[in-house]
Amino acid sequence: MSDGPPEGFAPHFRKSPVTDAWEPLYSRKLDGVVQIGLTIRAVHCNSRGLPHGGVIATLADNAMGLSCGTALPSAKGLITVGLSVDYVGSAKLGQWLQVEPRVLRVGNSMGFADALITADGVIIARASASFRVMG
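Residues numbered from 1 in each chain as written. Predicted model: local features only at pLDDT ≥ 70, side-chain atom pairs only at ≥ 80, totals over all residues. Heavy atoms only, no water.

**A closer look at the pairing of strand β6 (residues 110-119)**
On any regular strand, side chains alternate: one points to one face of the sheet, the next to the other face.
1) Next: Taking burial as the measure, the 10 residues of β6 include seven buried ones, the bulk of the element.
2) Next: Where strand β5 (residues 96-106) lies against β6, nine bridges are found, and the strand directions are antiparallel. Residue Val99 lies in a different strand from β6, and its bridge partner there is Ile117.
3) Next: Counting the residues that bridge the hairpin from β5 to β6 gives three residues.
4) Next: Bridge count between β6 and strand β7 (residues 122-134): 10 bridges; the pairing is antiparallel. Opposite Thr118, over in β7, you have Ile123 as the bridge partner.
5) Next: As consecutive antiparallel partners, β6 and β7 are separated by two residues, and within that stretch Asp120 has a phi angle of approximately 50 degrees, a positive value. (Buried < 20%, exposed > 50% of the residue type's maximum accessible area, 1.4 Å probe, protein only. Helix = DSSP H or I, 4+ residues; strand = E, 2+ residues; numbered from the N terminus. Pairing = 2+ DSSP bridges.)

Here you go:
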């Protein structure tokens, strides 16, 4: 069970109407990427009491996109053009869910990233995405 966010996490700096219901969300910039995390609550779960795959996918997309954007500070934004998530485990209420992205490559027109999603340090999903660079 989680005792709150790990060291270095602060309230997430990028608010969105999509994720407002999931607050509080936390993030930290570490080694050129933006990690996102939260303590799993009922609002994040499906009818079986497990974190909903859509919540996991959305947070992974957010973290990977923000991380690619960090690598391209001159970009006016990024648009997701492909997203894949493999669910390899499950999590429980009260656990700390964390998205740990990795920027694979960024260029003038495209960015690519992947991420591991963990619950209290145990991998529960992996994700990959491609982004179109705007501007």
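Here the narrative resumes.
**Description of the nonpolar core**
1) Next: Formed by 29 residues in total, the largest nonpolar core has its most connected members in Leu59, Met64, Leu97, Val99, Ile117 and Ile124.
2) Next: Only β3 (33-39), α1 (53-71), β5, β6 and β7 provide two or more residues apiece to this core.
3) Next: Among the elements that line this core, the one with the most residues is α1, at nine residues.
4) Next: Residues within four places of Met64 in sequence aside, it is in contact with Leu83, Pro101, Ala113, Asp114, Ala115, Ala127, Ser128, Ala129 and Phe131. (Core = buried A, V, L, I, M, F, W, Y, C linked by side-chain atoms within 4.5 Å. Contact = heavy atoms within 4.5 Å.)

**Structural notes on the pattern of salt bridges**
1) Next: Within the structure shown, the criterion is met by three salt bridges.
2) Next: For the salt bridge of Arg126 with Asp86, the shortest nitrogen-to-oxygen distance reads 2.9 Å. Of this pair, Arg126 sits in strand β7 while Asp86 sits in strand β4 (residues 77-87); the two residues are 40 residues apart in sequence, bridging distant segments of the chain.
3) Next: As a salt-bridge pair, Asp114 and Arg102 come within 2.5 Å of each other at their nearest N and O atoms. Here Asp114 is found in strand β6, whereas its partner Arg102 is found in strand β5, with 12 residues between them in sequence. (Salt bridge = Lys/Arg side-chain N within 4 Å of Asp/Glu carboxyl O.)

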